[in-house]
Structure formats: C-alpha cells, structure tokens
Amino acid sequence: MSSQSQRVVVTYAAPLVFLSTDHWKQIHASLVSQLPLRNLHWKSSSRPTIRTIQELDIRFVPLETLREDQTASQIPQSVLEKPLLNIYVFICEDSESYKATTRKQIKDWHASVNQRKNQEWLLVHVVRPDQSVAQGRLFQMKTSVLDKVKADFNTDKKDRCVQLVWSAEKDNPAVWADLMTKIKEGVLSAFDAALTQREEEVRRSEGQRQMPGWNFCTFFILKESLASSLEGMNLCEDALQQYFELEATFFQVLREKNLSWFGPLITPSGSDDSAPLLSTTKKPYRDLILANTISVFDFRVYLLARQCALLSKLGDLEEICQKTVTFLTTMARTLRDVEDTLPPLFIESWQYSSALSVVDQCDEWARSIEMGKPALTAFNAAKGELVELARQQLDVLGIAAGHLPIRPPFSLSLPSNYNTAKESQVKDASQSLSNAELASALLNKEAFYELYVSVTNRAIELYANAGRRKFALKLHGSLAALDVHRDRLSSALQTYTSLPAHYSPHGWTSLEAFMLNRALDIHASAEKPRDREWIHILLHFLRAYVDDMGRDLLMNKEDSEAYVAHLVQALNDAARIDTNNRADTPSPDHTALSVMIATHDAQLAETRDGSLLRVVVHNKLPCDIAVDEVEVQLAGRENSRISFSERVSKLAPGRNELTLFCPSSAAGTYTLFSTRVSIARLHFEWKHMKTLKQIRAGNMPILVHIPKDLKALDVRLKQPPRIELGMSSKVMVILSTGRNDIATAQVKLTPPSGIQFKYEDAEVSGEDAPPIRSAADSVTFLDLKHGQTVVAIVPHSDASAYHFMRVAISVEYVTTSEPDITRTLNLSRVVATSLPVAINVEDFFRGTRSVTCLTDPLYRLFNIWQTIHALHPIVNIAPTRARAFDAPPVAERGGRGKGDELYGSEATITPAQPGRFLFQMDASRGQVRDPLKLQISYRMLREGEFPSRLFRLESECVTHDFTEVESLIELAVEEVVTETPTLERLRQDMVDKLVQALETDASWVELYGVTGELVVPGVAPGDDDLGTGLRRVLEILNKRRLPTSFGEWREIVIPVDVPQMHPISALLTVQTSFHWAPPEDTKVESYMMRYDIEDLTQDWLISGRKRGDFLAKDGETFSVPITLIALHHGELALPKVGVTALPLPGEHRMRSSVVPGCETHQVHGAEKVLVLPRGGRTTFVVNMGAANTSM
C-alpha cells in the first residue's frame, strides 16, 4: 500500500459558481493550513481505553473526482480507501435565496453522499465579511438561515451543520475552532463505524478457520487491512498488535503443518542473499499472498518488515534490532534443513547482508528521532549484536574459504552440522552470491582480512558506546587471534596482554584466564625471553587460575596441575635470573598466596633480644612454590614499623605454619600493616591497614601484642643532676645493655621542632666509661658488656618553649653473639625541660645607698615557689660568694644567720608554702664587676611520678620513667639480697618482675602518692627461691615511709646580677612671667604657685623634693636640686613637670575661690637621656614552669 492511500480522505463540494471564485480559494487555502488535525480522542466500543491521536493528516479532494469509482474491489483494502467525511460549503445571504436555490443544491448533494456506507457529512455555512446589512440584522439573518438548514437536514438529531464567519482574522485558530471540532467528530465517527464492521468481518473469518475452504492467505489480507486502517489513523500500537496476532496465527498453522496455502520453504531469487531485509517493495508480497504462491521465507520476511516499519514510527529502534537478531538466527536454523537446495554459502551471505542492512535502515530512521542517553545506549547495544552476527558469518565464510583456521574463537561461530566446504563450492559461491563484497573476499585473502577487521571494529565501537565492555573485549580477543593466524605475533601478544586488565575488575575470570593462556603460548611461540613482562603475564594467569573458572580454560594441556607446576617452576627460574641488575618486581594482592596471623600475642625469644610471631601461609596452587623469605610488618605509634621474617625454602600446597622472628625488642600493641612472600626480587605483597571508613563499617584492624622484654637493651632519658642556667641545656642518655654484649650501639635522638642535639659535645660520665664515637646526627657506644649501664650527657639547643620534651629514640646495635644482625629499637621518651621551682629576687638598700659608701649593706630576698603540682621539692639554697662580697644568710622564714660565713638553708616548699630566703651582702673589697651565682640543691619527694601520671594512658609502647619507683625497688631488693646472699643470682629477675607488674597496672599510683606505700599488683610469688625473695621484697615495699627517706639530690645554679646605682644630679628651674596678665591684675606683685614632678616608676627613681610651693614674682627664677636614678638602660625621657597657681587668699567670686590662670612650658620636655648598660653584664630569661621570672 502506498503512503498516499493511507491518509484519511475528506471530500468537499460547493456550488460551481462559488468554487470558481477567489473567495473559495482563500477559504480552501486557510482550511488546509489548519491541518493536520491534532489531539483526537477516539473511544471505541471494542477497546477499554480511549486512544489519543496526536496528529492526523487529512487529504482534501473534490467530491466529483470520486464519483466514477463505482465498483468496489473484492480484495479487502484499508477502510481509509474511501472518504470518511463529505463536506458541503455554501454561502447564503437570506432566507429567500436559501428557499430559491440553496436548499435544492444541498438536497442534491445530501442525496448522493447519504447513501454511502460508513461515511459522515457536514454542512458549512460561510458568512462573507462584505455584506452591507446592519450588524443586528446580520446576526438575525445568519441565525435564521442556519436554523432552517438544521431543521431541514438534521433529521437524526445529530448536529451536522456549522457556521464559518469569514473575516480578516481568518488565520486565527479561534475562527476555525467550531469547524475543526466538527471535522474531528465526523472523521472519528465514520472511522469507528467502518472499523467496527471490518473487525466483525475478521472475527467471522477467524471463526471459520476449522471449516473446509478456509484460506490463511485470504484471512491474512483481511486482517492486514485492519492493521493498515489503524496505521493510517496513526494508531500504530493497535496496528502492530494486529501483526502480532497474525504472527501467532501463522505459528499455529505452522505447528499444525498445514502449509497448503504457501509455496515451498524458500525460492531464492538472484538478489535474495543481499537485498535489504526490511524493504516491502523488493517483491510483490501481497500479490504472492493473494495467489497462494508466496514461500514461507518471503512471508516471514514481509511480516517482519511490516512489524519493523510500525516499530520505527513508534521510535522503538532497539526492539527492531532485537527482533531482527532473533529472526535471522531462527530462520537460518530453519534454512539449514534445505541447505543442499540453496546456492553455496547462501545462508551466511543472507545473514551478513541482512544484519548490516537493518543497521543502516535503523540509522536512517534514528535521524528523525531524539533519543535520551539510556535509549541511545540500548540502541547501540542492539546494533552491536547485529554487527556481531554479521561478523560471525565472516567466521564461517573465512573457514570455508580457508582464510581462517578451524579452531576457537573462529570455530565457535560454525553451525552444529557444518561440513567443510570444498574448493569448488567456494568458487561457485563467489559467482552465485549477489553481494559483491563477500564474493571478492572469498577469493582474496587480504580483502577478507580487511573486511573482517572493519566489521569487527564496527561492532567494538557500538559495544563501547553502549558500555558493554565484555562484548567489546571479546571481539578484541578475536582480532588478536586473527593476528596470531596472520603471524603478527607482536600485535597479538600486546592485545592478549592488555585485555586481562579490563576483565579483572568485572570478575570475568574465564575470559581473563583464556586470554592470558593465549598470551603465554604466543610468548613461547615468538621465542621471547622470560623477562619482567613475561613474569607479569604469568602472575596474572595464576591469579585467574586460582579463581575456580580459570582451570577450565587450559585447552591445550590435559593435565592442568602439571601445566601449572611447570609454569611455577619457570616463574621461579625467571625470578632468579640476573637478580643483581634487575629491579624489584612487586605483585600486590595476589590471590595464589595469603599470609595470616596465627596468634595475636607474640612471644619473647628469651635467649636473645627479639620476639617470635606465628603465621599461616596458604598456597592455593596445586604445586610447591620455591620461596626465599616470608615477612610480616607491623605498624605502631608515630609511624613506627617493625618486621618479622623467616627464611623459607618452599611452600607446600595448602596450609603452611611458620614462626617469624623480629630482632627488635620494642614492646606494645601494633596493627598488621603488610605481609610479603619473596622469591628473589619478586615480591608478593598484601596491605592490611584499614581506613577510617572501613573501621567505622566494622572492618577492624588486626592487632598484635608484643610483651616487654626486661632483659633487652633499653634507653632512658633524664635531666642531668646539675643544671646551670646560662650554660648549654643537656639531657642524660642512660643505656642499659641487659643480656647483651654490645659491639656497637648507635643512638639517634629526634626532638620536637626547633630543638637540636649537639652530638659532637656529648660526654660519657661515670667510672669505666666505654669509648664513644660522635657524629653529626648520632652518638655511638662501643664495646659494652652485658648488665652494663652507660650514661652520656648530650647538650641540646634551647627548649624553654616546652615544659616536657618528647624525644623519639632510634637505636641500631650489633651484639657480639650475632654480628650479622643489626637490631633496631625505636622508643619514645618524655623528659622534663622546665625547672620544678621559680625564683623572684627583691633588693633592699640601707644607709645612704651612695656608690662611695662601700660598707653600706645590701639585703637580697629570694622567693622560691613550686611550678609543678604534686611535686614537693626539698630545697637547700645558698649563694656562691662573688669577688669583693660576703653574703651570709640573715633569715629564712624569720630565722637569723650567723657571722659572715657562707650558710645554706634547707626547707620544703609546696604550692601553698613557698620558700623565702634573705641574704645580707657587704661590698667589703671594693666595687663588684662579676655577678653572683645562686646555688639550689633539691630533691623531689615524688620524683618520677609526674611522667607516669601524665603519660601512662598514651600507649603501652611508651616505657614510663619510674626513676623513684625503680630506685625504691632496687633498694628493697638490695636489702633482701644482703639478708639472703643466695638470692644474688635472682636480683635482676626480681627487679624485672616487679617493674613489669607496675607498668601493667597503674592502680598502685594513688596510694603511693599519699602514703609512700608501694603495693605491687598482680604478683603471685611461687614456692621457689624467686618466690621467697619476692615475698620479702613486697613486705618491705608495703611499709609506710617518709618522703625524705630517699631521693637523688640535684642542683640548680642561677647567675644573679649585683644591683648598682648610678645617680644623676639634676636642677629643676622655674622662671615666671606676668607679661600677659589682664589689666585688672597689673598691681599684683606675686602669686603662690606649686610644682609637681611626674613619678615615672618604670624609668626613673627620683630622690629629692618632688613637690613643693614657691612664691612667684615677675621675671624671677625658682630652683630646687633633685637626684635621678635610671631603672634600666636605653633612651629615657625626662620626667614631666607640672606648675599650677594656688587660690588667692581672701578673694572670692560667686562664692568660689579665685585661682589665677597659668600656662606652663617645659623647655627640655622633648629631650631624652641615653643610659648605657653596665659593662660585662649578662641577662638571662629563664622559663621555669608555671611562673615566668626575668632576672
């Protein structure tokens, strides 16, 4: 059916005179411009819902052009072949004209159209705008004519008359609204009646299907007319449903094997193998159907083409492609049954050409359709399936022509009953096939390869646009196989090597293993060296192998285990080739091996420094793996790392239990950071650190606890026993060797930012000091014996910005028993940098305080208070005698000193009870140039408690500085060993046992801080000698003791300046002038005035008369001497002087005293005096804890 016949036909008629006028031409043109009809709503009695027709194209034809077609065709046609609506247009100005001529014309027209079945009619009365009658009369006239027309012709009470007011606004849609509505109603009414009649005919025919004489082809033409009618009304979904029902009826007939209405299965013509599949005009399909000679093949093609045409109007291009793929596949399988009667390779050529023609046709339809991203993605995927189907036919054609080998992946496209084509058949096919491109490719190998690559790349591009990576990658693999067949091994190897990276993220292990297996085979065929690239390929293959599906793809080996064992041995050999020049090859997160922690508590090595950790290594391969080392790395605080490792010769399949050793003795709780298995320089690595997001999700890190080894090497930090301000700050590094004889021990200290250690000035203190070697960044101890404790004093830069300094300690040491192992110990220690006391000095001068009176005494009061809470120092204080000075203590909290001998005073200070020390200093030998030094000896009542209280909760990795507690334990153990000499061999064991118990549980701290009793928790003495000694030590420690019963005395030396005065004699002169006095005061000869010198306590100490009254006369001068003593050096402004007049005696104004006006000008008010500092003086700014005092 032509597209013209599918349009709705509407006829028009009018008086001949009117049709020949320009007025009618204007009306006709305006009427056509209102088309197509829009938004028609059809409610059919045979359908449950209302159908909405968005647009409906109308074909207007004159009625007389259809009058000659009187004979109706016997072949069922669309109901749209005949007009659905007949329109008569007339102009009538008055009732007389209507009665005279117009009514008869309408009757004649009505008589001709009213006899036509399933057609509607409509009368249109046009009112011309150039009528000369009055407006009111005009409306009256129009109404009367229209009423007459309705009365004469609306006999069935259905209004078929409408009036069109023709005006200058003829293009306005509102002018045509009534007429368009009537046209829509007439078209839908006629269509519904015609379609209902046709549906009844179809039902009647279908009901006779089991009766003799029923013909499927006749039924098909009848029902197709129904589909064509619906299609013409743009009801494409309903039309498509008719073809679906026809297809279902055909399959029913096919199952009944009643094909007497059809010709043979297929009657191939010369161009059937290459003609466009969806073309309905390439053959006279309807004529063949009516003649009952159409083949099943042609009928199926025609039915598919009609369905796809309707789907294209609905915009469902994806469905077109999917239906085509299904049809081509199933029809080709049917044609295989009669393949012998077909030209050679006809089926492959037909599938290839049809698939590509559908893709081209769909692309043409898609140009007029706007598709969203999801629809476009699905469309590309469906087209990709069609192109891949065409590519599969090239596999068959290539194998038949000998261009491709009969092996995967090419052989996967062969039909199940495929027989190898003979050379003569290929030659015949090249001549019989109408697809010239395929015919040429069968004879020309290079042309075939070019076509094969082109079609494959086209499918890859479509799959890539659709996001179907797996399908695209599979086609890449076929191109690589083609390269192998063409001996392009480098290109094939590159493709096979790159593809697994795309398969792995999606879990496509079967494809991944196959590609890697092919890559290994090609690598071997190309005789390439087993280099780093080959190792990576093999590692990826083993990864895919252990994932179950990979084993099924070893197509070229019968015994997969033997094959894998051979590959593993080759991997081991390749990893050990030229290890000196080859870089490390990491293989992260490989699934063939895994390392797990067997126990979360490490064990001490006992006989040497270090700890042991049990692990389990799982080998998922079916063969032994020769390895060199298994390593586990743990992470601690502040990014510290420790490693457990063990040399291993091989790993058997399955579970392997190993014990790893770590030479570091750093105790604490660590998290599993990484694991590694090494084969020469090939490393299988796994990371186990958890992110914060993983921890919040419940994926907790793996913890490993390492106990403290009390017999291992240890390093502590302390303040030196003597601190002298003004000298370089120092820290004591105390190294205990424990069980080890140390050959070398290199100590590196990492202080906080801004502080540097001066290793070059490090010194070793004590008797039998071992030799040391200082470097720019470390200090190294040499030749240390077991059980030895070495103390080194290391200076450092100013650390006054910190109260406590956290120092990271790194020790690398080598023992004499294991010289091949360099042990590393990482510790974190806290050492106090501020002093426990703060000092303030007050000076008191007696006598004249003149610099010439050298025998006048100077009294100095030293106030000392505590800066760290919970520490109560016992202070013994005395000044160190300076040249030309005697400084005996005069009083300490009210006490008196004796003579001029140097005395020390001892007192205990607390936060509520500071110490006050008063000294009298006499300059008996002349003027002093050198400063005094104040020496404070002190010891702490609870030394060492503050680090534990402040830091014991931070981490078990930090060993607390229990200086006082350890001293107390050592004294108690010493007492027990003295009582029982046989326990001397267990001395260190008892100390270690008690210290370890205190570090594990801090419940003893509170009682010890109050009473001095040390109750060690968690110690259960046994019945052996060690238990006996521990019971006695615990009895001693449980006793209450005085704070002053023990403790280390320390010293603080502070330089103190000797205060000296440098007076400046000055003269204050006040000159008065009455020159600007008012006329009424000219007889006054004098006034009483007052001067006042400003007291600048920050800059000057003023001696003399600072305020006074004087009698001022005109032109006279008043003078007074004063003495200025500068309180500090620098440029100092002179004190300000204010002069005011006093009230006049006996004079009052407004009941108030009269005060003369006065203005003062200070001549030297802007001048400054430069005070130089005393030569040789040094100023120290000391930060001592909570109080900051500058001296």
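Starting from 1, residues in each chain are numbered consecutively following that chain's sequence as written. Only residues with pLDDT of at least 70 are given local features in this predicted model, and only at 80 or more are side-chain atom pairs given and counted; all residues enter the totals for whole chains, interfaces and linings. With hydrogens and water stripped out, all remaining heavy atoms of the structure feed into the side-chain values.

> Quick question: what am I supposed to make of the overall build of the chain here?
Broken down by element type, the chain carries 26 helices and 50 strands. Burial here depends on accessible area, computed with a 1.4 Å probe over protein chains only, as a share of the maximum for the residue type. Under 20% is buried, over 50% is exposed, and the range in between is partly exposed. Per-residue burial for the chain yields a buried fraction of 46% across its 1191 residues. By the convention used here, residues are in contact when the closest approach between their heavy atoms is within 4.5 Å. Within the chain, contacts between residues at least 6 apart in sequence are counted, and of these 72% link residues at least 24 apart. Method for areas: the Shrake-Rupley scheme with a 1.4 Å probe, in which residue coverage is limited to the protein chains shown. By element, 50% of the accessible surface of the chain is carried by carbon and sulfur atoms, the whole surface being about 59700 Å². Think of it this way: any DSSP run of H or I at least four residues long counts as a helix, any run of E at least two long counts as a strand, and we number them from the N terminus.

> Hey, could you run me through the confidence of the model for the chain in this one?
Any region with low pLDDT has predicted coordinates that should not be read closely. A score from 0 to 100, pLDDT tells how confident the predictor is in each residue. For the chain, per-residue confidence averages 80 on the pLDDT scale, and residues scoring 70 or more make up 82% of the total. Every residue in residues 131–142 scores below 50 in pLDDT, and together they form eleven contacts with partners more than four places removed in sequence or on other chains. Residue range residues 942–961 is modelled with pLDDT below 50. Its contacts to residues more than four positions away, or to other chains, number 52 contacts.

> Help me out: how do you make sense of the sheet that holds strand β23 (residues 742–750) in this one?
Two orientations exist for strands paired in a sheet by backbone hydrogen bonds: parallel and antiparallel. One open sheet accounts for five strands, arranged β25-β26-β23-β28-β29; its pairing is antiparallel. Edge positions in the sheet fall to β25 (772–774) and β29 (823–832), since each has one partner strand and no second. Within this sheet the neighbouring strands show an average axis-to-axis angle of 20°, counted without direction. Two strands make a pair as long as DSSP finds a minimum of two bridges between them. The pairing of β25 with strand β26 (residues 779–784) spans three bridges and is classified as antiparallel. Opposite Ser774, over in β26, you have Val779 as the bridge partner. All axes here are fitted lines through C-alpha atoms, helices being fitted over the stretch that makes contact, and every angle between N-to-C directions spans 0 to 180 degrees.

> What is the right way to look at the sheet that holds strand β39 (residues 1063–1071) in this model?
On the basis of which strands lie adjacent, the open sheet formed by three strands has the order β39-β43-β41 and antiparallel pairing. In this open sheet, the two strands that pair with only one neighbour each are β39 and β41 (1100–1104). Shown here is a sheet whose adjacent strand axes are inclined to one another by a mean of 35°, direction ignored. By the bridge criterion, five bridges tie β41 to strand β43 (residues 1117–1126) in an arrangement that is antiparallel. The residue of β43 that forms the bridge with Gly1104 is Ile1122.

> Sorry, what's going on with the pattern of salt bridges here?
Think of it this way: side chains of opposite charge can pair up when their charged atoms draw near. For this analysis, a salt bridge means a side-chain nitrogen from Lys or Arg found within 4 Å of a carboxyl oxygen belonging to Asp or Glu. In this structure the tally under the stated criterion is 47 salt bridges. A salt bridge links Glu446 to Arg486; the shortest N-O distance between them is 3.4 Å. Of this pair, Glu446 sits in helix α15 (residues 445–466) while Arg486 sits in the loop between α16 (469–485) and α17 (489–503), and the two are 40 residues apart along the sequence. Residue Lys650 is joined to Asp624 by a salt bridge in which the shortest nitrogen-to-oxygen separation is 3.6 Å.

> Looking at this structure, how should I read the nonpolar core?
Nonpolar side chains tend to gather and get buried jointly when the protein is soluble and globular. If you look at the biggest cluster of nonpolar residues, it comprises 217 residues, and the most contacted ones within it are Ile183, Phe191, Met233 and Val632. Apart from residues no more than four positions distant in its own chain, Val632 is found in contact with Val595, Ile597, Leu613, Val615, Ile642, Ser643, Phe644, Leu660, Leu672, Ser674 and Thr675. Residues belong to a common nonpolar core when they are buried Ala, Val, Leu, Ile, Met, Phe, Trp, Tyr or Cys residues joined through side-chain atoms within 4.5 Å. If you look at the next biggest cluster of nonpolar residues, it comprises 26 residues, including Leu968, Val995, Val1005 and Leu1014.

> What's the story with the side chain of His110 in this structure? I'm lost.
Structurally, His110 is set in helix α3 (residues 95–113). Residue classification places His110 among the buried positions, given a relative accessible area of 16%. Once residues lying within four places of it in the same chain are set aside, the contact partners of His110 are Trp121 and Phe153.

> Honestly, the side chain of His683 in this entry has me stumped. Any pointers?
Along the chain, His683 falls in strand β18 (residues 682–687). The class of His683 is buried, set by a relative accessible area of 9%. For this analysis, a polar contact is any N or O atom pair within 3.5 Å, provided that within protein one partner can donate a hydrogen and the other can accept it, and provided that sequence-adjacent residues contribute only side-chain to side-chain pairs. Side chain to side chain, His683 and Ser678 meet in a polar contact 2.8 Å long. Contact partners of His683, with chain neighbours within four places excluded, come to Asp584, Thr585, Pro586, Ser587, Arg676, Val677 and Ser678.

> Teacher, can you tell me more about the packing of helix α6 (residues 216–232) against helix α9 (residues 296–314) here?
Two measures define how a pair of helices packs: the angle their axes make with one another and the distance between the axes. The N-to-C vectors of α6 and α9 enclose an angle of 10°; their axes lie 13 Å apart at closest approach. Classified by the angle their axes make, α6 and α9 are roughly parallel. Counted together, Phe216, Phe220, Glu224 and Glu231 of α6 and Phe299, Tyr302, Leu303, Arg306, Leu310 and Lys313 of α9 form the full contact between these two elements. Residues of the contact of α6 with α9, tallied by class, amount to six nonpolar, no polar and four charged. Relative orientations are named as follows: roughly parallel for angles under 35 degrees, roughly antiparallel for angles over 145 degrees, roughly perpendicular for angles from 65 to 115 degrees, and oblique for any other angle. Under the scheme applied here, ten amino acids are nonpolar (Ala, Val, Leu, Ile, Met, Phe, Trp, Tyr, Cys and Pro), four are charged (Asp, Glu, Lys and Arg), and all others, including Gly, are polar.

> I would appreciate a short explanation of the packing of helix α11 (residues 346–366) against helix α12 (residues 373–401) in the present structure.
Where α11 contacts α12, the two axes come as close as 8 Å, and the packing angle between them is 160°. Relative to α12, α11 is oriented roughly antiparallel. Note on packing geometry: the crossing formed by α11 with α12 is left-handed. Contacts from Glu348, Gln351, Tyr352, Ala355, Leu356, Val358, Val359, Cys362, Asp363 and Ala366 of α11 reach α12 at Phe379, Lys383, Leu386, Val387, Leu389, Ala390, Gln393, Leu394, Val396 and Leu397. Residue composition of the contact of α11 with α12, grouped by class: 15 nonpolar, two polar and three charged. For any pair of crossing helices, the crossing counts as left-handed if the nearer helix is rotated counterclockwise from the farther one by less than a right angle, and right-handed if it is rotated clockwise.

> Where do I start with helix α14 (residues 436–443) in this structure?
Residue pairs three or four apart in sequence face the same way in an α-helix, which turns once every 3.6 residues. For α14, the set of buried residues is Leu438, Ala439, Ala441 and Leu442. One side of α14 carries all its buried residues, which in axial view fall inside an arc of 165°. Facing away from the buried side of α14 by more than 90 degrees, the exposed set consists of Ala436 and Leu443. Backbone nitrogen of Glu437 and a side-chain oxygen of the N-cap are separated by 3.1 Å at the start of α14; the cap is Asn435. Summarising the geometry, the arc corresponds to the directions from the helix axis toward the C-beta atoms.

> Please explain the layout of surface pockets as it appears in this structure.
One way to see where empty space is left: roll a probe the size of a water molecule over the atoms. Here a cavity denotes grid points, spaced 1 Å and computed from the protein atoms alone, that fit a 1.4 Å probe unable to get out, and a pocket denotes an open set having protein on both sides within 12 Å along at least 5 of 7 lines; residues with an atom within 4 Å of a point are the lining. Grid points are joined across faces, edges and corners, and a volume is the space filled by probe spheres set on the points. Looking at the second largest pocket, its volume works out to about 1300 Å³. Lining the second largest pocket we find 38 residues, and of these Val1070, Gln1071, Val1139, Glu1159 and Thr1160 sit closest to its centre. Elements with a minimum of two residues in the lining of the second largest pocket: β39, β40 (1086–1093), β43 and β45 (1137–1141). At six residues, the largest contribution of residues to the lining of the second largest pocket is made by β39. Among the residues forming the lining of the second largest pocket, the class breakdown is 25 nonpolar, nine polar and four charged.

> I'm lost on the environment of Thr607 in this one. Help?
Within the element layout of this structure, Thr607 appears in the loop between β10 (603–604) and β11 (611–619). In the structure, Thr607 is positioned 132 residues away from Arg739 in sequence and 8.3 Å away in space, judged by C-alpha atoms.

> Could you clarify how one ought to interpret unusual backbone geometry in this entry?
When glycine is set aside, most residues are seen to have a negative phi, and most peptide bonds are trans. Residue Pro36 is bonded to the preceding Leu35 through a cis peptide linkage, with omega at 0°. Structurally, the position occupied by Pro36 is in the loop between α2 (22–33) and β2 (37–42). Of the consecutive residues Pro408 and Pro409, the connecting peptide bond is found in the cis state with omega at 5°. The residue Asn118 is not glycine, and still its phi comes out positive at about 60°. Here Asn118 lies in the loop between α3 and β6 (120–127). Note on Asn118: relative accessible area 24%, which makes it partly exposed. Non-glycine residue Ala680 carries a positive phi angle of around 55°. If you trace the backbone, Ala680 turns up in the loop between β17 (668–679) and β18.

> I'm lost on the environment of Trp166 in this one. Help?
Mapping Trp166 onto the fold places it in the loop between β7 (161–165) and α5 (173–207). It is 5.8 Å that separates the C-alpha atoms of Trp166 and Val127, two residues lying 39 residues apart in sequence.

> Whenever I open this one, helix α26 (residues 1025–1037) confuses me. Can you help?
One fewer than the residue count of a helix, multiplied by 1.5 Å, yields its expected span. Counted at 1.5 Å a residue, the expected span for α26 with its 13 residues is 18 Å, and the 19 Å between its end C-alpha atoms agrees. Regarding α26, the residues found buried are Gly1027, Gly1029, Leu1030, Val1033, Leu1034, Ile1036 and Leu1037.

> Whenever I open this one, the packing of aromatic side chains confuses me. Can you help?
Centre distance and the angle of the planes are the two values used to describe a pair of aromatic rings. Only rings of Phe, Tyr and Trp enter the pairing, Trp through its six-membered ring, and a pair is recorded when the two centres are within 6.5 Å. The plane angle decides the type: under 30 degrees is stacked, over 60 is edge-to-face, the rest tilted. Here the structure, examined in full by the defined rule, presents 31 aromatic pairs. A ring pair is formed by Tyr88 and Trp109, whose centres lie 5.4 Å apart and whose planes are at 40°; its orientation type is tilted. Of this pair, Tyr88 sits in strand β5 (residues 85–90) while Trp109 sits in helix α3; the two residues are 21 residues apart in sequence, bridging distant segments of the chain. Here Tyr88 matches Trp109 in class, with each residue buried. Feature note: the residues Trp214, Phe216, Phe219, Phe220, Phe250, Phe251, Trp261, Phe262, Tyr285, Phe299 and Tyr302 constitute an aromatic cluster, connected by ring pairs. The rule for a charge over a ring is simple: NZ of Lys or CZ of Arg within 6 Å of the ring centre, and within 35 degrees of the ring normal. The positively charged end of Arg608 is found above the aromatic ring belonging to Phe661, 3.7 Å away from the centroid. In this structure, Arg641 is placed above the aromatic ring of Phe673, and the distance from its NZ or CZ to the ring centre is 4.1 Å.

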